Amino acid sequence: MNRREPVLEHIFEKVDRIPNFPETARRALALLQNDEVDFAELEKVVRHDAAITANFLKLVNSAAFGLPRKVNTLLQAFSLLGINQIKFVLIASCLGEYLKEPIRGYGLSPEEIWLHSMACGLAAEALARRAGLHRPENLYTAALLHDIGKIVLGLYVEGELHDLEKTLKENPGLTFMQAEWMVLGADHAIVGAELLRRWEFPREVYFAVRAHHDESLMLQGRLPALTALANALVNLMGIGVGVDTFAYHIPEGLLEAAGVGEKDLYPVIVETFARVENLKAAFFS
Ligand SMILES: [Fe+2]
Ligand SMILES: [Fe+2]
């Protein structure tokens with residue numbers, strides 16, 4: 001196989017060209033730090049961004065979020081969702097901005113990676129409830145954005161990504177991450193973590209993203225463990241995995257580090273599957 005120069009430097013140069021995480025979401029999340037947040041003030045901030053507002057309303061009106069009635073305004077939605085759900089939907093509403101093109105080389109359409117990311121977020125939400133996590137917003141952010149490095153790699157080093165598929169085909173024993181290193185000199189977990197660091201997300205968030213395929217790093221805290229577990233479950237469910245045939249098992253010690261039991265997994269999978277089906281119905285039918 002051809003050896004290539006590592007292109008990590010080159011990739012990190014390109015990271016700067018990815019549009020920043022929306023300012024509206026940052027400001028809204030800052031307001032939501034306060035449990036007594038004034039919803040009218042929050043609405044003023046969010047409605048400033050028409051795309052986020054439209055995504056927010058479409059998401060909460062899908063059966064995946066199970067609101068008792070259809071809502072037409074952000075204010076109505078806020079009053080029916082809890083604060084944690086508002087945070088989840090806000091971050092999810094920004095995802096679409098980064099998923100407009102297919103991710104070549106990974107064999108993923110924008111729809112597939114969107115569903116995979118949403119499924120991981122939803123699985124994380126169900127796991128957090130069972131793990132009794134009090135402030136889960138960093139987990140939601142990490143779970144929803146865990147594969148954002150694939151978008152960076154897919155958008156900016158397309159030529160190399162064609163070789164990624166070829167390398168995987170020619171070397172069936174290779175893991176996906178090994179193939180990324182051989183072809184790109186980097187992997188999507190490192191690149192994604194670097195992007196989130198530059199976007200000034202908390203360290204806890206980019207560490208969890210960095211750790212989501214690393215079996216020793218993911219055991220180093222509850223948040224990385226829950227993020228990696230959510231991703232492993234979604235991979236096992238086969239949602240938007242493309243050519244990523246790695247991490248289909250749950251490493252030893254991961255459940256303990258995540259603070260959930262084996263008995264929690266089946267209900268989490270059932271719930272996530274149902275909610276993903278609802279998303280598909282609302283967005284792709
Ligand atoms: Fe990943
Ligand atoms: Fe993933």
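For the structure itself, consult the block above.
So, a few notes on the structure that sits alongside this text. (Residues numbered from 1 in each chain as written. Chains lettered and ligands numbered in written order. Predicted model: local features only at pLDDT ≥ 70, side-chain atom pairs only at ≥ 80, totals over all residues. Heavy atoms only, no water.)

### Quick look at helix α16 (residues 262–284)
Then comes step 1: In this model α16 runs 33 Å from its N-terminal to its C-terminal C-alpha over 23 residues, within 8% of the 33 Å that 1.5 Å per residue would give.
Then comes step 2: For α16, the complete set of buried residues consists of D264, L265, V268, T272, R275, V276 and L279.
Then comes step 3: Looking at the buried residues of α16, the elements they touch are α4 (50–61), α6 (83–95), α7 (110–131), α14 (222–236) and α15 (254–258). (Helix = DSSP H or I, 4+ residues; strand = E, 2+ residues; numbered from the N terminus. Expected span 1.5 Å × (residues − 1). Buried < 20%, exposed > 50% of the residue type's maximum accessible area, 1.4 Å probe, protein only. Contact = heavy atoms within 4.5 Å.)

### Comments concerning the coordination of the iron ion (ligand 2)
Then comes step 1: Those protein atoms acting as donors to the iron ion (ligand 2) are H116 (NE2), H146 (NE2), D147 (OD) and N231 (OD1), and they sit at 2.2 to 2.3 Å.
Then comes step 2: Its four donor atoms give the iron ion (ligand 2) angles of 82 to 168 degrees at the centre, a pattern that matches the irregular case.
Then comes step 3: Linear spacing of the donor residues for the iron ion (ligand 2) on their chain is H-x29-H-D-x83-N.
Then comes step 4: Between the iron ion (ligand 2) and the iron ion (ligand 1), the interatomic distance is 3.6 Å, and D147 donates to each metal, bridging them. Taken together, the positions of H116 in helix α7 and H146 in the loop between α8 (137–144) and α9 (148–156) put the pair 30 residues apart, joining distant regions of the chain. Residues H116 and H146 agree in their burial class; the two are buried. (Donors = N, O, S within 2.8 Å, 3.2 Å for Na, K, Ca; no water. Tetrahedral: all angles 85-135°; square planar, octahedral: opposite > 155°, others 65-115°.)

### Quick look at the coordination of the iron ion (ligand 1)
Then comes step 1: Bound to the iron ion (ligand 1) on the protein side are D147 (OD), H188 (NE2), H212 (NE2) and H213 (NE2), at distances that span 2.2 Å.
Then comes step 2: Coordination at the iron ion (ligand 1) is irregular, judged from the four donor atoms that bind it and the angles of 85 to 173 degrees they form at the metal.
Then comes step 3: Here the donor residues of the iron ion (ligand 1) are spaced in sequence according to D-x40-H-x23-H-H.

### Some remarks on the packing of aromatic side chains
Then comes step 1: As enumerated under the stated definition, the model contains nine aromatic pairs in all.
Then comes step 2: Seen from their ring centres, F21 and F201 are 5.0 Å apart, and the 75 degrees between their planes marks the pair as edge-to-face. Residue F21 is found in the loop between α1 (8–15) and α2 (23–31), and its partner F201 is found in the loop between α12 (188–198) and α13 (203–211); the two are separated by 180 residues along the sequence. Here F21 matches F201 in class, with each residue buried.
Then comes step 3: Ring centres of F39 and F78 lie 5.8 Å apart, and the angle between their planes is 50 degrees; on these two criteria the pair is classed as tilted. (Phe/Tyr/Trp six-rings, centres within 6.5 Å; stacked < 30°, edge-to-face > 60°.)

### What about the side chain of E125?
Then comes step 1: By secondary structure assignment, the location of E125 is in helix α7.
Then comes step 2: In this structure the side chain of E125 is engaged in a polar contact, spanning 2.5 Å, whose partner is the side chain of R275.
Then comes step 3: Ignoring anything within four residues of it in the chain, the contact list for E125 reads Q85, F88, Y140 and R275. (Polar contact = N/O pair within 3.5 Å; in protein donor to acceptor, adjacent residues only side chain to side chain.)

### Brief notes about the pattern of salt bridges
Then comes step 1: Under the counting rule described, the total for this entry stands at 15 salt bridges.
Then comes step 2: With its nearest N and O atoms 2.4 Å apart, the salt bridge here joins R198 to E194. Of this pair, R198 and E194 both sit in helix α12, four residues apart, which is roughly one turn of that helix.
Then comes step 3: A single salt-bridge network, built from bridges that share partners, covers D35, K87, R135 and E137. (Salt bridge = Lys/Arg side-chain N within 4 Å of Asp/Glu carboxyl O.)

### Points about the packing of α2 against helix α3 (residues 39–46)
Then comes step 1: The interhelical angle for the contact between α2 and α3, taken along N-to-C directions, is 170 degrees, at an axis separation of 9 Å. Overall, the two elements α2 and α3 adopt an arrangement that is roughly antiparallel. Where α2 approaches α3, its residues T24, R27, A28 and L31 are matched on the opposing element by E41, L42, V45 and V46.
Then comes step 2: Split into classes, the residues belonging to the contact of α2 with α3 amount to five nonpolar, one polar and two charged. (Axes fitted to C-alpha atoms, helices over the stretch in contact; angles between N-to-C directions. Parallel < 35°, antiparallel > 145°, perpendicular 65-115°, else oblique. Nonpolar A, V, L, I, M, F, W, Y, C, P; charged D, E, K, R; others polar.)

### What about the packing of α12 against α13?
Then comes step 1: Running from N to C, α12 and α13 point in directions that differ by 170 degrees, and their axes come no closer than 7 Å. Accordingly, the angle class assigned to the pair α12 and α13 is roughly antiparallel. On α13, the residues touching A189, I190, G192, A193, L196 and R197 of α12 are V205, Y206, V209 and R210.
Then comes step 2: Its residues placed into classes, the contact of α12 with α13 shows seven nonpolar, one polar and two charged.

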